[in-house]
Amino acid sequence: QTVSVAKGGITTTLNARTSILAAANPLLGRYDTKKSAEQNINLPTALLSRFDMTYLLLDSADEDRDRKLAEHVAYVHMHGKHPELSTEPYPPQLMRRYISLCKQKEPFV
């Protein structure tokens, strides 16, 4: 089996053994919780049914958080570096231990 992908004027066919990660923005720019995912994304159900898994990531509107994110992005673009941290980052040893423990888990669906 194959999957055809068209993006930016380029069309290609991929073998089915290829993993495919797709993303879609909601129709009209904002997700309507009163509508189904198919209606929000405006893709036919037949196309969405070809994916083994579908995850929905919603960004809830939060003016304060959105402002802080916009200020951070603007700072990085204006100064070419990240702003100074107000807290200490986790030590690399702790992060390695955490990742090691995560790798031991075997999730199931």
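Preceding this section is the structure that the text describes.
The text that follows walks through the structure, step by step, so that each part is easy to find. (Residues numbered from 1 in each chain as written. Predicted model: local features only at pLDDT ≥ 70, side-chain atom pairs only at ≥ 80, totals over all residues. Heavy atoms only, no water.)

1. Some points on the environment of Arg 96
Short version of the rule: Secondary structure is summarised from DSSP: a helix means a run of H or I of at least four residues, a strand means a run of E of at least two, and numbering begins at the N terminus for each. Per-residue accessibility, obtained with a 1.4 Å probe over protein chains only, is compared with the maximum for each type, and a residue is labelled buried under 20%, exposed over 50%, and partly exposed between these values.
Within the secondary structure layout, Arg 96 lies in helix H4 (residues 92-104). What makes Arg 96 exposed here is its relative accessible area of 57%. Separated by 13 residues in the primary sequence, Arg 96 and Val 109 have C-alpha atoms spaced 26 Å apart.

2. Quick word on the layout of surface pockets
Let me state the cut-off plainly: Only protein atoms enter the calculation, which uses a 1 Å grid: trapped sets of points that fit a 1.4 Å probe without letting it out are cavities, open sets showing protein on both sides within 12 Å along at least five of seven lines are pockets, and any residue with an atom within 4 Å of a point is a lining residue. Grid points are joined across faces, edges and corners, and a volume is the space filled by probe spheres set on the points. Side-chain classes follow a simple rule in which Ala, Val, Leu, Ile, Met, Phe, Trp, Tyr, Cys and Pro form the nonpolar group, Asp, Glu, Lys and Arg form the charged group, and the remainder, Gly included, forms the polar group.
If you add up the space inside the largest pocket, you get close to 1700 Å³. In terms of lining, the largest pocket is formed by 41 residues, of which the most central are Leu 21, Ala 22, Ala 23, Ala 24 and Phe 51. Elements with a minimum of two residues in the lining of the largest pocket: strand S1 (2-7), strand S2 (10-15), helix H1 (37-41) and helix H2 (45-48). Here the element with the most residues in the lining of the largest pocket is S1; it accounts for six residues. Of the residues belonging to the lining of the largest pocket, the class tally is 24 nonpolar, eleven polar and six charged.

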